[in-house]
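Working through the structure, step by step
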Amino acid sequence: MRLKPSFLLFAASLPSASARRAPIANVASSKRTFLKNAPSIQSLLSLPARGGNLPVPSSPQTLTQASTLDSCDAPLISDIEMLSNMLAEVVLRENPVVYDYYTRFRKLGMDRAADPDDPEPFQLMKQLAIDISPRDTLGVMKTFCIALNLVNAAEVHHRMRLIRDNERGLEHVHVGPLPMVEDGIRGTMEILLEEGHSKDKIFERLLRQKNEIVLTAHPTEVNRKTILRKYRIISELLAHLERPDLHPFERAEALNNLRGIISAIWGADEIRRVKPTVQKEAAGGCAVIESVLWDAVPSYLRKLDAQCRVTLGKKLPVDAAPVKFASWIGGDRDGNPNCTPEVTVEVVTHQRLRAAKLFLADLNELYSELAISSRFSKELEELAASVKHSDDAREKYRRVIGHLRKRLVRTIKECEYKLHSLSDSAIHFVSAEKTYGALEGWEDVEPIIKSDDLMTPMRIIYDSLVQTGFELVADGLVSDIIRRIAVFGMTMVPLDIREESTKHTMALDAITRYLGMGSYKEWDEEARLNWLQSELNNKRPLFRIRDIEQNILRLDPDVKKTLMVFKIASELDPESLGAYVISQGQTASDVLAVMLLQKQFGMTKGNGKLMRVVPLFETLNDLINSPQQLEKLFSITSYVGSINGKQEVMVGYSDSAKDAGRLAACWAQYTAQEAMAKVADKYGIELTFFHGKGGTVGRGGNPALYRAILSHPPHTINGRFRVTEQGEMIRQNFGTKEISERSLDIYTSALLRESFTKRVEPKQEWRDRMDRISQVSCAAYRHTVRDDPRFVPYFRQATPELELGRLNIGSRPSKRNPKGGVESLRAIPWTFAWAQTRMHLSAWLGVGDGLRSENEEDKKILREMYEEWPWFREIISLISMLLSKTDFSITKNYDDLLVDPDLMSLGNEVRNKLVETRQAVIDVSGAKDISGPHIQLMRASSIIRNPYVDSINVVQAEILKVLRNMPEDDSPDLTPELKAIKSVRNDALLLSIKGIAQGMKNSG
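This one's a predicted model, so the numbers in the text were calculated from it and none came from an experiment. (Residues numbered from 1 in each chain as written. Predicted model: local features only at pLDDT ≥ 70, side-chain atom pairs only at ≥ 80, totals over all residues. Heavy atoms only, no water.)

1. A few points about the overall build of the protein chain
Note the threshold: Secondary structure counts use DSSP, requiring at least four H or I residues in a row for a helix and at least two E residues in a row for a strand, with both numbered from the N terminus. Categorising residues by exposure relies on relative accessible area from a 1.4 Å probe, with only protein chains included: less than 20% of the type maximum marks a residue as buried, more than 50% marks it as exposed, and the intermediate range marks it as partly exposed. What makes two residues a contact is simply this: any of their non-hydrogen atoms within 4.5 Å. Values of accessible area rely on a 1.4 Å probe in the Shrake-Rupley scheme; residue burial ignores everything except the protein chains shown.
A tally of helices and strands in the protein chain yields 40 helices and eight strands. Taken over 1004 residues, the protein chain has a buried fraction of 62%. Considering only intrachain contacts with a sequence separation of at least 6, the fraction spanning at least 24 residues in the protein chain is 83%. Of the roughly 38,600 Å² that the protein chain leaves accessible, carbon and sulfur atoms contribute 51%.

Written out as C-alpha cells, the structure is:
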C-alpha cells in the first residue's frame, strides 16, 4: 500500500492541543526477500539502467533515499504525529499566538505541497511573513526548528526499525547477528559466496582491509551538544515504546518523559551565544566516542566475529580492527589561528586522560567479574608473579588487573598534572584524587603510555581463559576491552596535524635568510628540491632549537608558531599523532619541506617519531599536476627509503568543486587518482587515498555510502580507505549505538565488496566526452563565479552568507584570508549559503552546459555512459538528488526582497541555467519529466519536510530584508527600542538558518 501525499500531510498535521495522543502504530513487517525479489547493487555496477529510475539496494532505505512512502513508513508518520502533538501542547500553552501563526504557516506549506503549481499558498505565506511581529517571528522559527528536529529524531529510529522489520520478514535456513541487507557484511558475504569466491579468500580480504574514519570539527553541526543529547534520548524512547512487553505504567512514564524533554527543548536557548574554542570542539569529539562509539565498536566487532563464524566458519581475531578512528580536532590549524601548539598539547593530553579513565572503568568492572582462583596458563602465572604488593594471592587475574588499574591511575594523575600546568586550560575534569584515591600504591608504578602496555597483559588474560576452559568468559568483557585497545589505543584517537603549505615555505624562507643563504621563497622548484635533499642527507641541524624559544633567530610570530608545532609534536608520544596533512599542496618540495622540518626537531624514522606526510591536492590544477609531483617524490631514493614503501595522498573534494564546478572537479579527482595509482605501482609504493569529503553533494558527500565506495575509480582503494566525517554527518552516522553499528557495517562491507568487484573501465570515447564536459562545465562555472563582476555582490545579497558567522558553530574563521573575496571563502560557508536559499548552486552550476549537446552522437554516448558506467551514473544521480531540493519560487523570493535591481538580471540568468540543468540531467538519465517547478525528481523525505522548510525560507527572506535595512550596531540612529527589536530579529534569523539546515538534512 502506497501512502498518498495528502494522507501524509494530514497525518503529520498538528491537531488541537486537546486531541488524543496517537499511539505507536503496530504495522505488519515488510515481507521482502533478500537477493531474490529485489534488484541488487550489483545492477548498479554492471547492468543497464532502465527508464531513468536507478535500481535500489534490496535493503530498506533511509527515508531520504526512498522515492516514495509506503505502508512500512506508517509507523514513522505515527511517531511524527505523536511528537507533533506533544510539541503543539507546549506551544499552545506557552504562546497561543505563536501556535496560531505556526499552524497557519504550516497549513499554507501543506497546501503548496499538495498543489505546487497553485501560486496562492505561496503568496499568502509571503504576506503572513510581513504581518508577523518580531517576537512572534522568533517563536514561530523556534517551533519550526524543533518540529524538524523531531522529524529527524523519529527518522533515526525509523531507519533501524526498517532494518529489523526486514530481518523479521526474511525466511532463511540460518540467521545471523548482523542484518541481511546487501549493504551489510552479512549480505555482502552471501553475494560473494554466490559469485563463487572462497570462504578463505573472503576472510583473508576482510582481515587485510583498513578503513580509518577521521572526525573533523568542520563547522556544519548547527545544533548545540546539549540539545543533540535530548534528541538522541527521544529516538531511544521511541524505540522503548515499541517493546511488546511494555507495562502500561512504563508506557505512560515513557510518554511523559517525551513530553518533558520536548518541553525542556522549548525552554532551552538553542542559539550558541559564544563561539566554541578548539578545546571544546575536541571535547565534543571525545563525547561521541565516550557516549556512543566506546560501546558501539566492540558490539559491532562482536557481531562481525559471530557473522564470520556463521557464514565463513572462521573466528575473527580478537584484536582485529577493520575500522579505526582518527581526528583533526585540535590539530587542524589550516586558516585557524586559534589552533595553537599549546592547544594541540592540551587536546592530546585530554584525550589520553579520557582514554585512561574509560579503560579504568572497564578494568574496575572486569576486576569484579574475574574472581577465578584456579586454572591459569603459564604465561598468566608468570605475569601475576611479577606483580608486587597485591592482596590478591590466589585470584591471579585480579592480581594482574589490580596492577593495571594502578598504572592507569598513575596515567590519569600525570595527565591531570599536565593539564593543571596549562594555566589557561579550557577543559575541565574531575580530579583523580577523589575518584581513585582508594587504589593505593599508584605512586610506585609506571603509567601506561603505549597501547601494547595494556594490550599485552590483556591478551595474556584472554589466552589463559581460552586455554583453561573459560572461553565464554574470554569472549565477554575481556574481548571488548581488547577490541577497544585495538581501535582506540591509549590516546582515544590519533590526532592529525594539518597546515597550509605556504606556512612551511615562509618558515624555511626565514631560516635560509637567517643563515645567509638567500630567500627559499624565491627559489624555483628545482633549486628547492636540491637544497631540501642536501639538508635531509646532512646530519647537521639548521639551527639550535633553543634559539627559537629565546628568539635569537628573530622570527616572525607566525613563523615561530609554525616551527613550535614541530617542537611539540617531537615531544608527544608517537601514538598520539597520525598524519601531517599539507593543505594547498602543489609540489614535491611541499612534502620534502615538512620532512626537513621534522628532521630538524628530531622526528626520524629511526626513533619512530616521523609522522607520515600527506599532501592534500584540492584545486583543479593541483589535482591535474599531482601524478607528476608523486613521480618526482618517488624518484628521490632517500625519500622512498624513509616512507617504508607507503604513501598517503589526500584528495580534496570541497575546494576543487568550489574552484572548478562539480563535473570538472569530479573528473579531475577520477583521473588524478587513476594516474597517481599507476605512478605508485611503477615504483612499488603502497598508495592510500585519504578522501576529504563533506556532508553535501557539493562537497563530495554521498548519502548512499555503500554505492559511493563501489563507484570509486578502479584500482584506487585496494582495501585501504581513509575518509573524513564532519559536523552534522558525525551525528547522522554515529549519533546512536544502533546507527553507529549500521554505519560501521556499511563501511566494512563496502570495502570488502569493492575488493572483489570487477570494475567498469571507461572506454576512450567516454573519456573524450568527459574531457569535453569537464572543459565546458568548468568554463561556464568560472565565467559566472569568477568573471562576472555582478556575481560577488549578488551572492552576498541573495544569500545569508554574511550572516552565517553569527551562528558560532566553529572555532575557525569562515575565510582563510579575512580580506579576500569568494575565492578565499571556505567551501563550507560557500555550500551552506546556497543551501539556505534552496538554490544549491555550488552543486550544479556548469553541469547543464557540460551535458548539453546538439550532436546526436554525443547524446547517444552520454546515455550509454549513464547506463553502463557506474561512476558517471552515480554523479548524475547525486546531482539529480540536489536538483530535487532546489525551489525556483523560493530562490526568486530571496532575489525580489534582497537583491539590488541592477543585479536582478544575474538571478534570472542563474535560474534559467537551473531549468536548463534539470532538463540536461533528465535527457541524460532518461527520467520522466514531472510537471511543476517544485517537484522535479522529488524524494519522499521532501514530502514530509517541505511544508516546514518552505515557511522558514519565506520568513527568513523577510527577516534578512528588515535586518539589512536597520541601522548598524554603532549607528546613533539605533535607539534602545530598535536595538531590542534587532536583537530579537537576529535570534529569529539564526533559528531560521538552523531550521533550514535541519530540513535539508545537511548544511556544509
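2. With respect to the nonpolar core
Burial of nonpolar side chains together is a common tendency in soluble globular proteins. Basically, it comes down to this: The nonpolar core is taken to be a set of buried Ala, Val, Leu, Ile, Met, Phe, Trp, Tyr and Cys residues, with the residues joined through side-chain atoms within 4.5 Å.
Counting 113 residues, the largest nonpolar core has F105, I234, L258, L851, W869, W871 and F872 as the members making the most contacts within it. If we skip the residues at most four places from it in the chain, L851 touches L663, I773, L862, F872, I876, A920, V921 and V924.

3. Digging into a negative patch on the surface
The criterion, for reference: Here the term patch refers to residues with relative accessible area over 30% and no salt bridge, with like charges joined within 9 Å and nonpolar side chains (Val, Leu, Ile, Met, Phe, Trp, Tyr) within 5 Å. Each reported salt bridge corresponds to a side-chain nitrogen of Lys or Arg within 4 Å of a carboxyl oxygen of Asp or Glu. Residues counted as positive are Lys and Arg, residues counted as negative are Asp and Glu, and His and the chain ends are not counted. Charged side chains are reduced to one point each, which is NZ for Lys, CZ for Arg, CG for Asp and CD for Glu.
Together, E765, D768, D771 and E857 make up a region of like negative charge exposed at the surface. Here the negative patch takes three residues from helix α30 (residues 764–787), the largest share from any one element. One can find D768 in helix α30.

4. Side note on the confidence of the model for the protein chain
What counts is decided by this rule: Per-residue confidence from the predictor is given as pLDDT, running between 0 and 100.
Put simply, the protein chain has an average pLDDT of 85, and 85% of its residues get 70 or more. Per-residue pLDDT stays below 50 along residues 426–438; that stretch engages in 24 contacts with residues further than four places along the chain or on separate chains. Between residues 930–939, whose pLDDT stays under 50, and residues either more than four places distant or in other chains, the model counts 30 contacts.

5. Here we look at the packing of aromatic side chains
The line we're drawing: Stacked, tilted and edge-to-face are the three classes applied to pairs of Phe, Tyr and Trp rings, where Trp contributes its six-membered ring and a pair requires centres within 6.5 Å; stacked means planes under 30 degrees apart, edge-to-face means over 60, and tilted covers the rest.
Under the defined criterion, the tally for this structure stands at 29 aromatic pairs. Ring centres of W294 and F359 lie 5.0 Å apart, and the angle between their planes is 70°; on these two criteria the pair is classed as edge-to-face. Highlighted residues: W294 in helix α11 (residues 278–312) and F359 in helix α12 (residues 341–369), separated in sequence by 65 residues. The two residues W294 and F359 agree in class, both being buried. Geometrically, the ring pair formed by F376 and Y397 is edge-to-face, given 5.1 Å between the ring centres and 65° between the ring planes. In this pair, F376 is assigned in the loop between α12 and α13 (378–385) and Y397 in helix α14 (residues 396–421), connecting sequence segments 21 residues apart.

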